[in-house]
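Examining the three-dimensional arrangement
So you can see what is in the structure, the chains are spelled out below.
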Amino acid sequence: MASTKDVVDNHLKCFGTGDLTGILSDYAPGAVLFTADGPLRGRDAMRPLFQSMIAEFGKPGAAFRMTRQSVEGDYAYLLWTAETADNVYDVATDTFVVREGKIVAQSFAAKITPKR
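Residues numbered from 1 in each chain as written. Predicted model: local features only at pLDDT ≥ 70, side-chain atom pairs only at ≥ 80, totals over all residues. Heavy atoms only, no water.

**So, the sheet that holds strand β5 (residues 87-99)**
Adjacent strands of a sheet form backbone hydrogen bonds with each other and so pair up, either parallel or antiparallel. Across the sheet, 6 strands lie side by side as β2-β1-β6-β5-β4-β3; this open sheet has mixed pairing. With partners counted over all chains shown, the strands left at the sheet margins are β2 (38-41) and β3 (63-72), one partner each. Recorded for the sheet is a direction-independent mean angle of 15 degrees between the axes of neighbouring strands. As paired strands, β3 and strand β4 (residues 75-83) are joined by 9 bridges and run antiparallel to one another. (Pairing = 2+ DSSP bridges. Helix = DSSP H or I, 4+ residues; strand = E, 2+ residues; numbered from the N terminus. Axes fitted to C-alpha atoms, helices over the stretch in contact; angles between N-to-C directions.)

What follows is the structure, encoded as structure tokens:
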């Protein structure tokens, strides 16, 4: 069974390569992703969010910087910044709960400044 670090590393790798199927496969079927717009329950509900993020980060000139990555048992925390053609991610965080090799819960929060 994959460790929490293995799952998060795979998640980051799949996001970096635009692998939507790989990203969604990291989640347990009933996983919940907490966002500022409310919780997304299950892979199908998460799909549009990841499709739009993959499209945004796939544009030329996107840059991502990991500030902190901490893993403790079933929990992982990421702190990062990024810049895309559309937005500046002044600060962003992801917190994961991983059980039996799958993400069962995640929270995502960011201060995003549009470039317009």
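**Here's the deal with unusual backbone geometry**
Look at E100: it is not a glycine, yet its phi comes out positive at around 50 degrees. Here E100 is to be found in the loop between β5 and β6 (102-114). Here E100 falls in the exposed class, since its relative accessible area comes to 69%. (Buried < 20%, exposed > 50% of the residue type's maximum accessible area, 1.4 Å probe, protein only.)

**A few points about the pattern of salt bridges**
Inspection of every chain in the model, using the stated rule, returns 6 salt bridges. Measuring nitrogen to oxygen at the nearest pair gives 2.7 Å for the salt bridge that ties K5 to D9. Of this pair, K5 and D9 both sit in helix α1 (residues 4-17), 4 residues apart, which is roughly one turn of that helix. On the basis of relative accessibility, which here comes to 44%, the residue K5 falls in the partly exposed class. Between E83 and K115 there is a salt bridge whose closest N-O contact spans 2.7 Å. One end of the pair, E83, is in strand β4; the other, K115, is in the segment after β6, and 32 residues separate them in sequence. For K115, a relative accessible area of 39% puts it in the partly exposed group. (Salt bridge = Lys/Arg side-chain N within 4 Å of Asp/Glu carboxyl O.)

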